[in-house]
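Below, each chain spelled out in residue letters.
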Amino acid sequence: MKVYEALAEAFVKEGTTDVFGMMGDANMHWMAALADRGVRLYEVRHEGSGLGMADGWARGAGQPGVVTTTSGPGVSQLATSMLCASRARTPLVAFCGETPLGDEGATQYLDQRRFAAAIECEFIHVTRPENAQEAVRQAFYRARTQSRPVMISAPFDVQVAELDDYDEDYTPSTALIDAPRLLPDPARLDTAASLLQDAKRVVIIAGRGARRAEAGEEILALQEQTGALLATTLQAKNWLCDRTDFHVGLSGLFGDKLSMELLQEADCVIAVGASLNHYTIESGYLYPEAKYLQIDTAPHLVMGNGRRADCYLQADAVTALTELTRVLKERSVTLEGYHTEQVRRHLTGRLQQPEYVREPGRLDPREAIWILDHELPGDMGLVLGSGHQTDFGTMLFQRSRDVLSNYGMFGAIGQAPLIAMGQMVAKGNKPGFVVEGDASFLMHLSEFETACRYDIPLLVVVMNDQGLGAEYHKAKAKGLDPDLATISTPEIGDVARTLGGGGATVRTADELRAALAEYVREPRPTVIDVRITREVLSTPYRRIQYGEDV
């Protein structure tokens, strides 16, 4: 057996079903071996795009995504997407071909170990045929247990060598991982119960970790026991909002004014699977008088205000919440807290529509988001990009749906459509949509053709102000010429149709509704180019640039 065949077999036994990337001399044998074993190969137009899709696939499937490149320039194209995946703590394995071992004069030579370190990626080198299978096992083990990207660098000459002692009984990394649920320390559990017993206004902040642990029922039970408001981090946006009247949306910069006024009254904050970074707690200004109880599986975390929590429970979310609720019941602790009719009415006010800006041929971005939220079915997943135009969606989408945000992941624009495509593949190609800016979407326009080629029914909603929205508004605030940040765009709906999908350019609310209805009737790769006014500044930018809050 050839080494590349053994490598491919090991990937299959690790659970690999889909691989994203581009074929070249240094990975083609491995890709062919995967295809022979029934693995689906998605040929993309740029290696970095393939990694973005593998990132989305991992987030959708809950196991390591796989990307592949050839040697040298194929590897170097991974840089931005790899950093985004690293910052998002995505488990991912990159199979990268390499020039023949020791041939530093080769045209495509790159010191791939040093490059991997620079882009925050673990590195495993296949230097001998006999360590090939172990390299795969180690890569998947590290990706799974450390929740990070890992690069396998395989020199071409090693790949095509014979492997004399092939292990037919390959043991996958999953068989080596035994992670029992972490039980909360009884003494700290008592401390946590005492904090809550003395509290009057409790806020529960649910994060990505709580959602992954499927701790929703336990969070709702504790919320009922403590009269708490329920907020989420950006990565758990809108989770459980259809299960309680006392959900305030996002905690932090993207929260609305009415909700922030309530959150500032809290005297106890319970974080579940949430790091409480400086965005979530506004560096401590959002909860000035609160004591903190933090539940997480990590050994310890430092909060965004530079402090540690008043009580830290290292434990599985489901177990910790169940035990905490039990102890509170034993102590007969039941708090009214925020659960009053006055607070309920206060929260209802935050859902009212504002007075929209009317500009001929341009939509108010807030109205566009409201239409999207109400016209698209709630079972359609949403991926939000980053940049000024996606701030509106980050704040204003209110319906309960699966939301994934790329905001803050290295600050790179353009990743969201790639992540959405990978996530949709992982979830069986169910319809989903992404909201991006025009500059962001055009950055990887060629991958819309990839969606068409593989019939991935992605709806891309381009919030198009014909410019670099963030820079436009920052320039205005700083007294610079904002027109330097304007860039005209073609009719992107026409471009989408040329590439083989559906498309529309819309300038009114009725046109947007009609385009959405067409997609819902017949989901297929589609781009809706929504021409929006530049006259509306998003709330986060108004706060940051002008110190205003409306």
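How each quantity is defined
Residues numbered from 1 in each chain as written. Predicted model: local features only at pLDDT ≥ 70, side-chain atom pairs only at ≥ 80, totals over all residues. Heavy atoms only, no water. Helix = DSSP H or I, 4+ residues; strand = E, 2+ residues; numbered from the N terminus. Buried < 20%, exposed > 50% of the residue type's maximum accessible area, 1.4 Å probe, protein only. Contact = heavy atoms within 4.5 Å. Axes fitted to C-alpha atoms, helices over the stretch in contact; angles between N-to-C directions. Parallel < 35°, antiparallel > 145°, perpendicular 65-115°, else oblique. Left-handed = near helix turned anticlockwise from the far one by under 90°. Nonpolar A, V, L, I, M, F, W, Y, C, P; charged D, E, K, R; others polar. Pairing = 2+ DSSP bridges. Salt bridge = Lys/Arg side-chain N within 4 Å of Asp/Glu carboxyl O. Phe/Tyr/Trp six-rings, centres within 6.5 Å; stacked < 30°, edge-to-face > 60°. Polar contact = N/O pair within 3.5 Å; in protein donor to acceptor, adjacent residues only side chain to side chain. Patch = residues over 30% accessible without salt bridge, like charges linked within 9 Å, V, L, I, M, F, W, Y side chains within 5 Å. Areas by Shrake-Rupley, 256 points an atom, 1.4 Å probe, with all protein chains shown as cover.

Participant: Describe the side chain of Gln-133, listing the residues and the values that go with them.
Facilitator: Note that Gln-133 resides in helix H7 (residues 132–146). Its relative accessible area of 9% is what places Gln-133 among the buried residues. When near neighbours in sequence (up to four residues on either side) are disregarded, Gln-133 contacts Ala-6, Leu-163, Tyr-166, Asp-167 and Tyr-170.

Participant: So, the packing of helix H11 (residues 216–226) against helix H14 (residues 317–330): which residues are in play, and what are the values?
Facilitator: To describe two helices that pack against each other, one gives the angle between their axes and the distance between the axes. Orientation of H11 relative to H14, taken along the N-to-C sense of each, is 25°, at an axis distance of 9 Å. Taken together, the axes of H11 and H14 are roughly parallel relative to one another. Where H11 crosses over H14, the handedness of that crossing is left-handed. Note on element contacts: H14 touches H11 through Val-318, Leu-321, Thr-322, Leu-324, Thr-325, Leu-328 and Lys-329, opposite Glu-218, Ile-219, Leu-222, Gln-225 and Thr-226. Of the residues that constitute the contact of H11 with H14, the class distribution is six nonpolar, four polar and two charged.

Participant: Quick rundown of the pairing of strand S6 (residues 149–155)? Include the residues and the values.
Facilitator: The element S6 is extensively covered by neighbouring structure, given that seven of its seven residues are classed as buried. The alternating pattern of S6 places Pro-149, Met-151, Ser-153 and Pro-155 on one face and Val-150, Ile-152 and Ala-154 on the opposite face, and all of these are buried. Where strand S4 (residues 92–98) meets S6, seven bridges bridge the pair, whose relative direction is parallel. Considered in S6, the bridge of Val-93 is made with Val-150. Alignment of strand S5 (residues 122–125) against S6, held across four bridges, turns out to be parallel. Looking across to S6, one finds that His-125 is bridged to Ser-153.

Participant: How would you explain the packing of helix H16 (residues 365–375) against helix H17 (residues 388–396) if you had to name every residue and give the values?
Facilitator: Closest axis-to-axis distance for the H16/H17 pair is 9 Å, and the angle between their directions is 50°. The orientation of H16 relative to H17 falls into the category oblique. Read as a crossing pair, H16 and H17 show a hand that is right-handed. Contacts between H16 and H17 involve Pro-365, Arg-366, Ile-369 and Asp-373 from the first element and Phe-392, Gly-393 and Leu-396 from the second. Of the residues that constitute the contact of H16 with H17, the class distribution is four nonpolar, one polar and two charged.

Participant: So what's going on with the pattern of salt bridges? Which residues, and what values?
Facilitator: Opposite charge on two side chains lets them pair, provided their charged atoms get close. For the structure shown, the criterion picks out 32 salt bridges. A salt bridge links Glu-9 to Arg-37; its shortest N-O distance comes to 2.6 Å. Here Arg-37 lies in the loop between helix H2 (28–36) and strand S2 (40–43) and Glu-9 lies in helix H1 (residues 3–13), a separation of 28 residues in the sequence. The salt bridge involving Asp-373 is made with Arg-401; its shortest N-O contact spans 3.5 Å. Of this pair, Asp-373 sits in helix H16 while Arg-401 is found in the loop between H17 and strand S14 (403–405), placing the two residues 28 residues apart along the sequence. Taking the relative accessible area as the measure of exposure, Asp-373 reaches 2% and is therefore buried. Of the residues examined, Arg-401 reaches a relative accessible area of 4% and is grouped as buried. Shared partners join several salt bridges into a network, and the residues in it are Arg-45, Glu-449 and Arg-453.

Participant: Please set out the packing of aromatic side chains residue by residue, giving values where relevant.
Facilitator: Counted according to the given criterion, the structure contains eight aromatic pairs. Aromatic side chains Phe-254 and Tyr-407 sit 5.0 Å apart centroid to centroid with 75° between the ring planes, which places their arrangement in the edge-to-face category. Remark: Tyr-407 occurs in the loop between S14 and helix H18 (416–426) and Phe-254 occurs in the loop between strand S9 (247–250) and helix H12 (257–263); sequence separation between them is 153 residues. Overall, the relative accessible area of 22% leaves Tyr-407 in the partly exposed class.

Participant: Now, about the sheet that holds strand S17 (residues 502–506): what can you tell me, with residues and values included?
Facilitator: One open sheet holds the six strands; their spatial order is S14-S13-S15-S16-S18-S17, and the pairing between them is parallel. If you trace the sheet from one side to the other, it starts and ends with S14 and S17, each paired once. Each neighbouring strand pair of the sheet contributes to a mean axis angle of 15°, computed without reference to strand direction.

Participant: Please give an account of the environment of His-46 that cites residues and values.
Facilitator: For His-46, the location among the structural elements is in the loop between S2 and helix H3 (47–61). Residue classification places His-46 among the partly exposed residues on the basis of a relative accessible area of 25%. For the pair His-46 and Glu-447, spaced 401 residues apart in sequence, the C-alpha to C-alpha distance is 8.1 Å. Those residues in contact with His-46 that lie beyond four places of it in its chain are Met-22, Gln-77 and Glu-447. A polar contact is formed between the side chain of His-46 and the backbone nitrogen of Gly-48, at a distance of 2.9 Å.

Participant: Talk me through the sheet that holds strand S12 (residues 311–314); I want residue IDs and the actual numbers.
Facilitator: Spatially, S9-S8-S7-S10-S11-S12 is the arrangement adopted by the six strands of the open sheet, whose pairing is parallel. Every interior strand has two partners, whereas the edge strands, S9 and S12, have only one. The sheet shows a mean angle of 15° between the axes of neighbouring strands, taken without regard to direction. Pairing geometry for strand S7 (residues 202–206) and strand S10 (residues 268–272), over five bridges, is parallel. Pairing of Ile-205 across the sheet is with Ala-271, part of S10.

Participant: Explain a nonpolar patch on the surface residue by residue, including any values.
Facilitator: Taken together, the side chains of Tyr-141, Leu-176 and Ile-177 present a nonpolar region at the surface, about 240 Å² in accessible area. Tracing the sequence through the fold places Leu-176 in the loop between helix H8 (156–159) and helix H9 (186–197).

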